[in-house]
Every structure is written in structure tokens, then in C-alpha cells.
Amino acid sequence: MKIIIQVTPRYQFKVPVYAECISPNVFEGKGLEEISRLEVWEGNRRRRLNELFKLELVKDEEGELTINLVGNFSKVRGIGAKMSKGRIIVDGDAGMHLGEGMSGGEIIVNGSAGSWAGGSMRGGRIEIKGSAGDYIGAPYRGSNEGMKAGLIIVHGDAGREVGCLMRGGLVKIYGSVRHFVGINMVDGTIFVRGDCAGKAGAGMRNGRIIICGRIPSVLPTFTIDSIRPNVDVDGERIPGPFYRFIGDIADGGEGKLFVSKVTNPHLSHYEKYLQ
Amino acid sequence: MSLLIKNGFVYDPVNGIDGEVMDIAVEGGRIVEKVDEREAHIIDASGMIVMPGGIDIHTHIAGAEVNSGRLLRPEDHVYDFEPKTAITRSGVGHSIPSTFTTGYRYARMGYTFVCNPSMPPLEARHTHEELEDTPIVDKATFPLLGDWWFVLEYLRDGLIKECAEHVAWMIMATKGYAIKIVNPGGLEAWGFGRNVRDLDDQVPYFNVTPREIIRGLCIVNKILSLPHTIHVHTNRLGQPGNYITTIKTMDCVKDLATSDKPVIHITHCQFSAFKGDSWANMKSGAEDIAKYVNSHSHATLDMGQIIFTDTTTMTADGPWQYTLYELSGNKWVNHDVEVETSSGIVPFRYRRKSYVHATMWSIGLELALLINDPWKIYLTTDHPNGGPFTSYPKIISWLMSRRAREKTLEKINRKARARSLLPSIDRELTFYEIAILTRAGQAKALGLKSKGHLGVGADADIAIYNINPRLVDPARDYKTVRRAFSNAAYTIKGGKIVAKMGEIINVPDGRTYWINFNMDCDVFSQRDLADLRRKFREYWTVEYENYIIPESYLKVSAPITVRVGV
Ligand SMILES: [Zn+2]
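In what follows, the accompanying structure is described. This is a predicted model, so every value here is computed, not measured. (Residues numbered from 1 in each chain as written. Chains lettered and ligands numbered in written order. Predicted model: local features only at pLDDT ≥ 70, side-chain atom pairs only at ≥ 80, totals over all residues. Heavy atoms only, no water.)

**Section: the overall build of chain B**
Formally: Starting at the N terminus, helices and strands are each numbered in turn, a helix being any DSSP run of H or I of at least four residues and a strand any DSSP run of E of at least two. Two things to know: the radius of gyration comes from C-alpha atoms, and the globule rule equals 2.2 Å times the number of residues to the power 0.38. Relative accessibility decides the category of a residue: with a 1.4 Å probe and only protein chains considered, values under 20% of the type maximum give buried, values over 50% give exposed, and everything between is partly exposed. Note on contacts: a residue pair is in contact if any heavy atoms of the two residues lie within 4.5 Å. Each accessible area value is a Shrake-Rupley result obtained with a 1.4 Å probe; residue values ignore everything except the protein chains displayed when judging cover. Positive: Lys, Arg. Negative: Asp, Glu. His and the chain ends are not part of the count. Where a charge lies is defined by one atom per residue type: Lys uses NZ, Arg uses CZ, Asp uses CG and Glu uses CD.
Of the regular secondary structure elements, chain B holds 18 helices and 26 strands. Whereas a compact globule of 566 residues would reach a radius of gyration of roughly 24 Å, chain B reaches 22 Å, a difference of no more than 12%. Out of the 566 residues belonging to chain B, those deemed buried represent 63%. Long-range pairs, those at least 24 residues apart, make up 77% of the contacts in chain B with a sequence separation of at least 6. Total accessible area on chain B stands at roughly 20,000 Å², and carbon and sulfur atoms take up 49% of it. Counting 65 positive and 67 negative side-chain charges, chain B places the centres of these two groups 6 Å from one another.

**Regarding the packing of helix H5 (residues 160–174) of chain B against helix H7 (residues 210–223) of chain B**
All names here are of chain B. The line we're drawing: Axis definition: a line fitted to C-alpha atoms, over the contacting stretch in the case of helices. Angles run 0 to 180 degrees between N-to-C directions. Angles below 35 degrees are treated as roughly parallel, those above 145 as roughly antiparallel, those between 65 and 115 as roughly perpendicular, and all remaining angles as oblique. By convention the crossing between two helices is left-handed if the near helix lies anticlockwise of the far one by an angle smaller than a right angle, and right-handed if it lies clockwise.
Here H5 crosses H7 at 65°, and the two axes come no closer than 9 Å. One element, H5, and the other, H7, form an angle in the roughly perpendicular class. Crossing geometry of H5 relative to H7 is assigned as right-handed. Between H5 and H7, the contacting residues are Ile160, Cys163, Ala164 and Val167 on the first element and Gly216, Leu217, Ile219, Val220 and Ile223 on the second.

**Let's talk about the packing of aromatic side chains**
Residues and elements named next belong to chain B. The line we're drawing: Ring pairs are drawn from Phe, Tyr and Trp, using the six-membered ring of Trp, whenever the two centres fall within 6.5 Å, and their geometry is named by plane angle: stacked under 30 degrees, edge-to-face over 60, tilted for the rest.
A full pass over the atoms with the stated rule returns 37 aromatic pairs over all chains. Relative to Tyr539, the ring of Trp149 lies with its centre 5.0 Å away and its plane at 80°, an arrangement referred to as edge-to-face. Placement of the pair is Trp149 in helix H4 (residues 149–156) and Tyr539 in helix H17 (residues 526–539), with a sequence separation of 390 residues. The exposure class assigned to Trp149 is partly exposed, which follows from its relative accessible area of 22%. By relative accessible area, which is 27% here, Tyr539 ends up partly exposed. Plain terms: the ring middles of Phe536 and Trp540 are 4.1 Å apart, the flat faces sit at 20° to each other, and that makes the pair stacked. Phe536 sits in the buried class, given a relative accessible area of 1%. Its relative accessible area of 7% is what places Trp540 among the buried residues.

**Describing the interface of chain B and chain A**
The following threshold applies: Buried area: the sum, over both parts, of the accessible surface (1.4 Å probe) that disappears when the two are put together. Think of a salt bridge as a Lys or Arg side-chain nitrogen and an Asp or Glu carboxyl oxygen that are within 4 Å of each other. Any pair of N or O atoms that falls within 3.5 Å is considered a polar contact. Within protein, one atom must be able to donate a hydrogen and the other to accept it, and sequence-neighbouring residues count only if both atoms are side-chain atoms. Each residue gets one label: Ala, Val, Leu, Ile, Met, Phe, Trp, Tyr, Cys and Pro are nonpolar, Asp, Glu, Lys and Arg are charged, and the others, such as Gly, are polar.
On the chain A side, the residues contacting the six residues of chain B number six residues. When chain B packs against chain A, close to 510 Å² is buried across both sides, 50% of that on carbon and sulfur atoms. Interface area lost by chain B to chain A is led by Pro74, Glu75 and Val78 of chain B, which between them contribute 52%. If you look at where chain B meets chain A, you find zero salt bridges. Along the contact surface separating chain B from chain A lie four residue pairs in polar contact (both at pLDDT 80 or more). Its residues assigned to classes, the side of chain B that touches chain A shows two nonpolar, two polar and two charged.

Below, the structure written as C-alpha cells:
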């Protein structure tokens with residue numbers, strides 16, 4: 001029981017397209033005619049939505065609005081920005097700033113997403129079946145308004161600075177992450193099932209980072225605190241054991257960094273500080 | 001082209017004109033007695049207010065520090081941008097707009113002259129390059145001289161005449177307009193990881209005190225007959241209990257005033273008007289400062305009003321900026337400008353619900369309202385430290401309307417509201433007084449003879465606001481006032497219409513005012529010159545030859561020649 005609007009690119013975009021209007025909040029209550037006239041930017045050119053995309057009403061019944069994006073949207077930025085309800089399903093790749101500032105609703109990407117997915121998110125849910133770029137959940141460059149609430153799941157790998165300046169909510173990466181996961185985070189949880197390239201939790205003040213895979217080293221401004229048999233993440237028990245580090249001490253932080261003991265035998269020298 | 005502005009309500013305090021309906025004639029960029037009505041472009045200003053162009057005595061709009069602030073804050077730009085038009089450039093920035101946008105935004109508000117108050121001499125070239133890219137408005141910039149090694153050495157050795165010669169050389173070399181002093185002695189002490197605690201605390205190594213620096217430069221200022229007074233950012237700025245330092249600072253040069261002419265300007269006084277001895281019991285010192293200013297005539301002030309918004313603090317006061325970083329935990333920049341000064345930048349959000357911020361908001365307005373003589377205090381936010389200059393219309397509405405103040409009071413921190421003096425102040429400024437606070441008074445303090453008034457011979461810098469003082473009661477219709485001052489109906493600069501109802505229609509280059517000393521003696525005796533060159537070699541990363549900014553470097557140079565007999 002729902003309304004489904006299908007959106008398909010008319011051609012392969014060469015320059016970035018800014019399409020913050022692709023959002024259930026904007027589409028809601030508008031006819032296809034009105035939606036097709038919404039404004040988007042293709043590079044520095046002002047365009048109508050239907051000049052760039054084919055719009056089709058697939059199902060029209062009472063209920064929640066779903067926007068189904070079909071095709072390559074990797075150059076399309078700001079999809080679902082500031083949305084608070086409804087669903088967006090991307091059958092293909094999504095571009096940067098996916099769901100930026102969203103406060104509710106759901107985005108599912110059956111492909112990969114660009115950088116800043118869920119940037120400054122306030123609520124809602126983003127699930128990316130492929131991989132994601134850098135700065136997952138991170139605020140716009142320079143801002144300190146990181147992700148506050150909501151859930152981001154990435155089934156593949158993610159890039160650098162996952163959860164930068166995060167203040168709440170949960171980010172789950174089932175693949176690996178690159179450097180600086182949880183940089184400057186203030187609160188919230190980041191769970192990484194794969195490996196981390198290093199520098200985890202730099203500048204973190206609080207919150208939790210859990211790394212099940214391998215990490216080359218832990219920053220010297222983290223101090224080992226204990227070995228934990230397991231960690232609970234959102235009601236799910238993640239089996240350990242884990243080294244638990246506290247940091248980033250350089251910033252007076254009390255963040256918790258959990259690193260799997262089994263996959264990181266090279267960190268066993270920390271154990272002598274526990275006696 | 002000649003212009004005739006007909007039937008406006010004219011507010012021209014320098015000439016004592018208080019809302020009289022009259023015509024203003026313009027020819028050749030100046031105000032004239034009359035023009036040929038058949039040939040002039042007629043502006044029908046009936047039902048509107050006509051004032052001289054606005055003047056800002058203290059606004060950080062150009063230079064290395066401002067630009068570092070821009071680089072530090074991409075998030076300040078992302079939501080506030082202006083696309084280009086046929087004649088204007090695109091630009092960005094809420095609290096630190098890009099240069100062109102700065103010029104347009106001032107012009108839209110009816111402002112035509114701005115002072116960049118804090119220029120490290122070493123960065124003078126950069127500052128002038130940015131000022132050049134700030135269109136429409138005229139400008140002046142003040143080199144920072146209070147912690148300058150030469151000055152400290154001369155004052156330590158009691159060599160006032162030599163100090164004056166050197167300051168004259170510095171002002172000419174940097175194309176400056178006035179002597180700026182920031183936390184005198186404190187910036188040098190900061191180089192040693194310290195600050196000065198009071199007027200009589202010694203500066204490490206140099207063994208001079210802030211009092212000696214302020215007095216010394218005040219005397220130098222008199223010797224050099226500079227049009228503006230010394231422009232002082234006090235010691236202990238931003239610290240609870242500093243109001244007493246501010247009063248002592250004004251008092252320490254009282255005896256140097258020989259006429260009614262002021263000898264010191266205390267800038268962004270709000271930041272220097274705190275009572276109490278900690279943040280918990282910090283409260284307003286505005287009443288004490290106002291009492292002092294009301295009973296003396298040797299000091300002028302500007303407000304440094306804060307606005308509840310996200311802004312960027314930037315001063316030459318390195319130790320204070322470090323304190324702000326510690327208070328906010330924000331990203332920060334701190335810098336030591338070789339032998340000259342320091343600087344720092346910290347983004348900052350003033351919150352209504354914060355006791356300290358709400359008290360600061362109250363202090364700024366209390367100062368402006370408790371100081372009886374509007375010629376002694378001017379409207380500023382210390383842009384962008386207290387808030388962006390684009391919030392001036394909001395401040396005007398607070399000053400003109402008790403009700404506007406009450407509306408904001410309702411929303412602020414409860415303890416701050418309970419302690420605020422504002423509910424006990426009935427005063428509501430008139431349009432005439434606003435014209436003093438925003439142009440006439442500032443022109444007088446800056447010694448600008450052809451600015452800030454509409455008398456015959458004055459520069460034709462004029463602002464026309466679409467508000468009828470006979471029909472609008474600013475106390476009640478404060479929103480109308482705010483709207484009218486946000487976008488001038490017409491802004492006229494040098495006789496040209498530059499902005500019309502918020503739209504920029506003409507983009508002339510503004511002029512750069514600087515002081516050109518005509519010394520009776522040779523400024524640099526051979527001995528001094530050799531000494532100067534040697535010191536450049538020893539102390540600076542810049543050679544003497546590359547330091548001096550030639551007049552040809554300024555796009556539109558407007559030297560004010562001052563004759564001095566040192
Ligand atoms: Zn300032």
C-alpha cells in the first residue's frame with residue numbers, strides 16, 4: 001500500500017548534479033507534473049528535474065511515499081537531504097551527501113554511496129549494500145555539527161574519517177575502514193567488523209569505537225584500560241575478547257576504543273600495563 | 001552627473017538638522033548649494049529619511065587574519081552565498097564574507113566608509129590588497145603599534161620624539177590612518193607565554209608597563225596631530241572584573257587632554273565592561289563606565305555589541321583568543337607576527353540561554369543607552385567578533401525601541417534577565433541620535449571633515465531609508481525600522497547611486513585614506529635610517545626595501561596631509 005515514484009537518469013551525467021529536491025518531503029503532495037518542474041543544478045546550470053530524469057508513477061495507492069531511483073546516480077548529490085519521512089530506494093550508486101541532515105525515514109542503496117553519506121544526520125536510517133566513500137555521518141567541512149542520531153549501515157567498505165565529529169547514533173561498517181575512524185567524535189557508537197587502516201579515534205572525547213578486524217597500531221594518546229569478553233552494540237552481543245583503550249588523552253577524552261585481541265596479536269604488549 | 005534628492009526628512013547632526021524636509025543637491029561627487037533641476041537626476045525622497053552615508057569605525061574586513069578566518073570556516077560560507085550579477089561578483093560568508101560581498105553588503109545598508117582596525121604592519125600589503133577588492137566603500141586601516149618592539153624600546157628609554165618619528169614612518173610605510181593598541185604589553189608578554197594583569201604590570205624583557213605604552217602613544221598621537229585618537233583595545237579584555245581596568249585606561253590619559261577634544265577611543269567597550277571576579281558572578285560594569293564617560297570628555301567608545309548567532313572571533317589579542325579556545329573547545333588559530341604583534345581566531349556561537357552571553361548582550365546596549373551624549377559612543381559589533389555587521393539594523397531597532405529590547409529579554413537566560421539593567425532603562429534613541437551613533441559621531445571621532453554630514457562641500461555619500469518618521473513610531477514598529485535600515489532605498493557614494501532597494505547597481509572603487517606626514521624636520525635622520533635598516537636585517541623576515549608600501553600600490557589613494565613639527 002504505497003505510492004512509488006520511479007526516477008531514471010535520461011543520460012550519463014558528466015558534471016555533478018545537485019538534487020536535494022529528490023526527497024519524500026519535497027515530492028509529497030505534489031503531482032508528477034509539479035515534481036518534474038522542481039529545480040536542480042547540473043554544474044552551474046539551473047535545470048528542471050525532468051530535463052535530467054525520467055519520472056514515472058509506478059504505484060499510486062494510499063500510504064507512504066517511496067522514491068525509487070534506478071540507474072547510475074553516482075554524480076547526483078544531496079539525494080534525500082533533510083528528509084524526515086518516507087523511503088528512497090536507489091537501485092544503482094548514489095553520489096555524495098546522500099541523506100545529509102536527514103531526521104527520519106529510510107534510504108536503501110543497492111549499490112555504493114559517495115562521501116558524506118548521512119552527513120550531520122539527525123535521525124532515520126541509511127543502509128548501503130555496497131561500499132561508501134569518506135566522511136560517513138560527518139558534518140560539512142569545517143562545521144562541528146556531526147551526526148546526532150540515527151543509523152547508518154554499510155555492508156561493504158568505507159573510506160576515511162567515518163563518523164567524524166559524531167555526537168550520537170550508530171554507524172555499522174561490515175567491511176573495512178580506512179584511517180581516522182571516529183575522529184573527534186563526541187558520542188555515539190561506530191562498529192567496524194573488518195579492518196581499520198589506523199589512527200582510530202584521534203581526538204575523540206567520548207563515545208565508542210569497536211574494531212573486530214586488524215588495526216596496525218593504536219594511537220599513543222590512548223591508554224589501555226581492560227580486556228573485555230564482549231561488547232554490546234544496539235542489543236547485539238559482539239563476542240571478544242577486546243582490548244579496551246581510553247582516549248584521546250591529548251584532548252582530555254574519555255572515549256572507548258575496543259580492539260579485537262585475537263586479530264591483533266601484535267598489540268599484546270599492552271597487556272603488561274594491566275598488571 | 002548632478003543629483004537632486006527632493007523632499008526627504010534630513011538627519012544631519014553635524015549641521016544640527018533634525019528631520020527637516022529639504023532637498024540635497026549633488027554635483028561632481030560633492031554636496032552643493034543647488035543644481036539645475038532640469039538637468040539633474042531627481043530622486044523623490046518624500047516620506048523617506050536622508051542621512052549621510054554610514055561610517056564604521058571598527059570592523060575587521062580585510063587582511064591576513066580575516067582571510068585565515070575565511071579559510072578556517074568553510075561552514076560559514078556554505079549556506080550564505082550570493083550569485084554573481086551582471087555587475088557584481090559572487091561571494092560567500094555569514095560572519096566573514098569575501099571581500100567583494102563585504103563591500104556590497106555595507107553599501108546595501110547605506111554605509112560608505114569603513115575602518116579596518118587591526119592591521120599587523122607586516123601584513124599591510126595583504127590588507128591593502130583585500131581592501132582594494134572591497135568595492136564601493138571608502139576605507140582606512142589602523143596599524144597595530146602597541147606591542148611593536150621599536151615603540152617599546154623608545155618608550156622604555158623615554159625617547160618620545162624619536163618614538164613619534166618612528167610611528168610617523170610606520171604609518172606612512174603601511175599607509176595607515178591611526179594608532180591601534182591592543183592589550184598593550186600583553187601581546188609581547190604572550191610571546192613569553194604570559195599576559196599582563198594590569199596597567200602597571202611590567203612587560204617581560206622590555207620593562208615598560210601598559211600605562212607607559214598608552215600614555216606614550218597618546219602623547220605621540222598628539223605630537224603627530226593625527227585626526228583620530230589612539231584606538232585602544234584594553235588590557236584584560238573579556239575577563240570578569242575588567243571594567244575597572246577600562247576606567248583606569250581612560251583615566252591614565254585624562255591629563256593629556258587640553259581641550260574638549262578626546263584623546264582616547266576605547267573600542268568594543270562591551271568586552272571590557274565586566275564586573276565580578278569569575279564567570280559565575282560576572283555582571284555588567286556598564287553603569288560605572290557610563291558614569292565615568294558622562295563626567296569626562298576626553299574619551300570616546302564604540303559598543304562591540306554581541307548578537308546571538310554563530311560568528312568568528314578574531315583579534316590581535318593572542319592570549320585572549322587562547323582563553324576563548326579553552327572556553328569553547330573550538331578549532332583555533334594563534335599566531336605571532338614577528339616583532340610586531342600577535343593574533344588569534346576562534347569560531348564562536350553566542351547563545352541566548354548562556355548567562356555570560358546574555359549578560360554581554362545586555363552590557364552592549366546598556367553602554368549605548370546609559371552614556372548620555374551620543375557623540376561619545378558609536379554603533380559597532382567589532383565585526384565579526386560580536387556578530388556580523390549585517391546585524392546593525394537589529395541593533396538600531398533595540399536602541400530605538402524598549403519593546404524590541406523586551407522581546408529579546410524574554411528569550412534570554414533567566415538569571416541574566418533578572419540582573420540586566422535594561423528593564424530599568426526607558427531611553428529610546430531618536431533617528432537623530434541614530435545618525436550620530438552610525439555616522440556623524442564616528443566621522444567626528446575619525447577627524448573626517450568631508451564625511452558624516454550633508455553640508456555644502458561634503459562628499460556626496462548619502463543613505464536614503466524608506467521610512468517615514470512622521471508615520472512610523474520606531475518604539476512600536478521596530479521591525480519596520482529594522483527592515484528599512486537593512487536595505488537602503490538608495491545608497492549614494494561619491495555622487496553615484498550604488499545601491500537601490502537592496503540591489504547593487506554601480507560598483508565604483510572606494511578610496512583608501514591614509515596619513516601623509518609633512519614633517520618640518522627630516523623624518524629619518526641618517527642615523528635613524530641606518531638603525532632601522534639594521535633592525536630589519538636582524539629582526540624581520542622582510543627587508544626594509546620590501547616593507548614600505550608605495551602610494552602607487554593603492555588603487556585610489558586618498559592621503560590626508562598632516563603638518564607636524566617634531
Ligand atoms: Zn576589533
